[in-house]
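Structural description and commentary
Listed here are the chains, written in short residue letters.
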Amino acid sequence: QVQLVESGGGLVQPGGSLRLSCAASGRIFSINAMGWYRQAPEKQRELVAAITSGGSTNYADSVKGRFTISRDNAKNTVYLQMNSLKPEDTAVYYCNAEVKVRRFSNEYDYWGQGTQVTVSS
């Protein structure tokens, strides 16, 4: 089994910053891409940012220049630094990882439980 545990969400004023963390544990041979998604009330889940094992990144247009994704491969951990937060960033943020549990197995998607980010004055 593989578990993803997120931390770092909370309430912040507009213009403020938060840093999310997500640590993967369990039976892990390798992790390819890791990413952050978010889902606001009555909206579909959307990709916020993703990073490959080699460090290539991509971002949603709405967060470019404000959010930075990074990862520590030795710790199987991905981070999301969120600056200049806006009320429209309010959502539940989910961590995702593409994991191989054995050398010759397929990759499977695993998800964290989600962490609430609320941007409000």
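Our subject is the structure listed above.
So, here's what we can say about the structure. (Residues numbered from 1 in each chain as written. Predicted model: local features only at pLDDT ≥ 70, side-chain atom pairs only at ≥ 80, totals over all residues. Heavy atoms only, no water.)

**Topic: the environment of serine 84**
This is how the line gets drawn: Numbering of helices and strands starts at the N terminus; helices are DSSP runs of H or I of at least 4 residues and strands are runs of E of at least 2. Relative accessible area decides the class of each residue, using a 1.4 Å probe on protein chains only: under 20% of the type maximum gives buried, over 50% gives exposed, and in between gives partly exposed. Contacts are assigned to residue pairs with any non-hydrogen atoms lying within 4.5 Å of each other.
Here serine 84 lies in the loop between strand S8 (77–82) and strand S9 (91–100). Taking relative accessible area as the criterion, serine 84 reaches 41% and is therefore assigned partly exposed. When the C-alpha atoms of serine 84 and valine 63 are compared, they prove to be 9.5 Å apart, with 21 residues separating the residues in sequence. Beyond its immediate stretch of four places on either side in the chain, serine 84 contacts Gly15, Gly16, Ser17, Arg66 and Asp89.

**Quick notes on the pattern of salt bridges**
As a reminder of what qualifies: Each salt bridge in this description consists of a side-chain nitrogen of Lys or Arg and a carboxyl oxygen of Asp or Glu lying within 4 Å of one another.
Under the counting rule described, the total for this entry stands at four salt bridges. In this structure, a network of salt bridges that share partners links the residues Arg38, Glu46, Arg66 and Asp89.

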